[in-house]
Amino acid sequence: MDKKEQLLKNIKDNIKEYCDTYFDFSFKSDKPTVHLHEPTFGSDEIFAAVDTMLSTYVTMGKKVKAFEKQYATYNHTKYGVMSNSGSSANLLAVAALANPVTPNYLKPGDEVLVPALSWSTTVWPLIQYNLIPVFVDCDLDSLNMDLNKLEQAITPKTRAIKLVHVYGNPCLMHDIMALAKKHNLFVIEDCCEAMGSQYDGKPVGSFGDVGNFSFFFSHHITTLEGGITVTNNFELTETLRILRAHGWSREADEHQKYVEKYPHIDPRFIFINLGYNLRPTEVQAAMGEKQLPKLDALIDNRRKAASYFLSRLAKYQDFFRFQKETPKGKNVWFGFSFILKPEAPFTVKEITAFIQRHGIETRPIIAGNMARHPALEMYKHRNADELLNADTVMNSGFALPCHHDVSESSCEYIVHVIDLFMNEKIKGQKTTKAATA
Ligand SMILES: Cc1ncc(COP(=O)(O)O)c(C=O)c1O
């Protein structure tokens, strides 16, 4: 072993020893806390990141390309274009579909159906491209767009559906793709909360024209920040690659074609389209390469925790709705959501304050109804209907931790705290019809 190899081995051993000693996020009954997220990465990923930095090859290059292939293969798609966030993946997808090089591209004023229960950067790229977001209400069981309302919202101006697999629960993709085919609509899947989720055995993100994923810290796996856009369309992939990096041809597979066409321009700087700089780093890709093989096991724990909550909290079904897994779907439980029914003799504020006082973090379900956020007052959009269910989620919903590191003892503690609250609130009342039957 030469000196360099020895030094690297020492670094690796030290990182491992550090993580083995201090990376302990397990539940402590003497000081009970359950965070909404815990790191999915450990010594493997930290060493891969440091090793990449030490190599000095840090900006987008071979590792990003290799990770794009690895992710696309995992997701049953031909191509992946990595970027610096899930929001950037969403932006690139819209930018590519609204670019004049794309056949039948989206034009200013075209309408795009989007769930009211979504995230800001699901919607913003539509506005940024002068498209009109048309908000569609959700279904209170799956929390995804209501299929009937989606169909009713289609008008001659509708050109695309930009859906969200809410909290990791897959949309009814066969029905949505049939609708899209019938009306000749693009389908953009915002899968930023749904990595590893499947519908009818097929990964989300592989149904529509493009699928977008996030590798943000709190997601199923992480590259710290990061995202990827997947597609089966080669031309669209080339456009995504060009728009991601300045608009130059360098990152396109067919770069040589442009070099031959424009021999008088330096081949390193041929700008053939508009563009951003949304590139990821080699450090992020090196982490992703280590994270991806762990994804399915991390998801298994989320599913285990969710089924524990569902069975232990079923006795409170007169007061709460819980997200229902889509039939034929694999929900990857980005969180565990509660929606208070009108019968509940308490408010969301009361229950979340109680839970938080006991060391358990809570949050709203995504951001509630996007159509109600102040930013929308400034921009043209349309609500397909009254959006009452999305309002219910916004006003009466909250989510609890349901991640890869939620253990049996943290699950038991969470249920115990909810029992304490409910005993207090429904003293003397029947818990459920089932419990008294
Ligand atoms: C539905 C949805 N879309 C997009 C994003 C944005 O992802 P990022 O934080 O990686 O930009 C999120 C973030 O959680 C999200 O929930």
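Before reading on, note that the structure itself is shown above.
A quick note: this is a predicted structure, and the numbers were derived from the prediction, not measured.

## Structural notes on the environment of Arg 302
Logical step 1: In this structure, Arg 302 sits in helix H11 (residues 295-313).
Logical step 2: Distance in space between the C-alpha atoms of Arg 302 and Phe 216 is 17 Å, their sequence separation being 86 residues.
Logical step 3: Arg 302 has contacts with Ser 218, His 219, His 220, Val 332, Trp 333, Phe 334, Cys 402, His 403 and His 404, leaving out every residue within four places of it along the chain.

## So, the pairing of strand E4 (residues 158-164)
Logical step 1: Across the seven residues that make up E4, a large majority, seven, are buried.
Logical step 2: Taking the sense of rotation as the criterion, the β-α-β connection linking E4, helix H7 (residues 173-183) and strand E5 (residues 186-190) turns out right-handed.

## Side note on the site of the ligand
Logical step 1: The ligand sits among 14 residues. The nearest are Gly 86, Ser 87, Asp 190, Glu 193 and Ser 214.
Logical step 2: Take Ser 214: an N or O atom from its side chain is 2.7 Å from an oxygen atom of the ligand.
Logical step 3: In this structure, His 219 approaches the ligand through a side-chain N or O atom, which is 3.2 Å from an oxygen atom.
Logical step 4: A total of 390 Å² of accessible area belongs to the ligand in isolation, and the protein chains cover 90% of it.
Logical step 5: In this structure the site holding the ligand corresponds to the second largest pocket.
Logical step 6: Within the residue set of the shell around the ligand, elements represented by two or more residues are helix H4 (86-97) and helix H5 (120-128).
Logical step 7: Top contributing element to the shell around the ligand by residue count: H4, with three residues.
Logical step 8: In terms of residue class, the shell around the ligand is built from four nonpolar, eight polar and two charged.

## A look at the sheet that holds strand E10 (residues 320-322)
Logical step 1: Sheet architecture is open: three strands sit in the order E10-E12-E14, paired in antiparallel fashion. For this open sheet the edge positions go to E10 and strand E14 (397-400), each flanked by a neighbour on one side alone. Strand-to-strand, the axes of this sheet are offset by a mean angle of 30°, without reference to chain direction.
Logical step 2: Sheet topology places strand E12 (residues 336-340) next to E14; four bridges connect them, and they run antiparallel. Each bridged residue has a counterpart across the sheet, and for Ser 337 the counterpart in E14 is Ala 399.

## Observations concerning helix H13 (residues 388-396)
Note: α-helices contain 3.6 residues per turn, so residues at a spacing of three or four share the same orientation.
Logical step 1: Among the residues making up H13, those that are buried are Asn 389, Ala 390, Asp 391, Val 393 and Ser 396.
Logical step 2: Here the buried face of H13 lies against helix H6 (147-152), E12, helix H12 (348-357) and E14.

## Re empty space enclosed by the protein
Logical step 1: Taken as a whole, this structure holds one cavity of 30 Å³ or more when the rule is applied.
Logical step 2: Reported here for the largest cavity is a volume of approximately 60 Å³.
Logical step 3: For the largest cavity, the full set of lining residues is Leu 36, His 37, Tyr 167, Arg 302, Phe 334, Gly 335, Arg 363, Ala 399, Leu 400, Pro 401, Cys 402 and His 403.
Logical step 4: Across the lining of the largest cavity, the residue classes tally to seven nonpolar, three polar and two charged.

## With respect to unusual backbone geometry
Logical step 1: The backbone of Ile 366 shows a phi angle near 45°, a positive value even though the residue is not glycine.
Logical step 2: By the secondary structure assignment, Ile 366 is in the loop between H12 and strand E13 (382-383).
Logical step 3: Residue class for Ile 366 comes out buried when judged on its relative accessible area of 3%.
Logical step 4: Within the chain, Leu 387 stands out as a residue other than glycine whose phi angle is a positive 60°.
Logical step 5: You can see Leu 387 is positioned in the loop between E13 and H13.
Logical step 6: Take Leu 387: its relative accessible area is 0%, and that puts it in the buried class.

## So, the packing of helix H1 (residues 3-22) against helix H2 (residues 43-55)
Logical step 1: Axis separation between H1 and H2 bottoms out at 9 Å; the angle between their running directions is 150°. In terms of crossing hand, the pair formed by H1 and H2 is right-handed. Contacts from Leu 8, Ile 11, Lys 12, Ile 15, Lys 16 and Cys 19 in H1 reach Ser 43, Ile 46, Phe 47, Val 50, Asp 51 and Leu 54 in H2.
Logical step 2: Classifying every residue of the contact of H1 with H2 gives eight nonpolar, one polar and three charged.

What counts and how
Residues numbered from 1 in each chain as written. Predicted model: local features only at pLDDT ≥ 70, side-chain atom pairs only at ≥ 80, totals over all residues. Heavy atoms only, no water. Helix = DSSP H or I, 4+ residues; strand = E, 2+ residues; numbered from the N terminus. Contact = heavy atoms within 4.5 Å. Buried < 20%, exposed > 50% of the residue type's maximum accessible area, 1.4 Å probe, protein only. Right-handed = clockwise from strand over helix to strand, strands pointing away. Near = heavy atom within 4 Å. Polar contact = N/O pair within 3.5 Å; in protein donor to acceptor, adjacent residues only side chain to side chain. Areas by Shrake-Rupley, 256 points an atom, 1.4 Å probe, with all protein chains shown as cover. 1 Å grid on protein atoms, 1.4 Å probe; cavity = no way out; pocket = protein on both sides within 12 Å on 5 of 7 lines; lining within 4 Å. Sits in = over half its atoms within 2 Å of the grid points. Nonpolar A, V, L, I, M, F, W, Y, C, P; charged D, E, K, R; others polar. Pairing = 2+ DSSP bridges. Axes fitted to C-alpha atoms, helices over the stretch in contact; angles between N-to-C directions. Points joined across faces, edges and corners; volume = space filled by probe spheres on them. Left-handed = near helix turned anticlockwise from the far one by under 90°.

The values reported here are purely geometric and, on their own, carry no functional implication.
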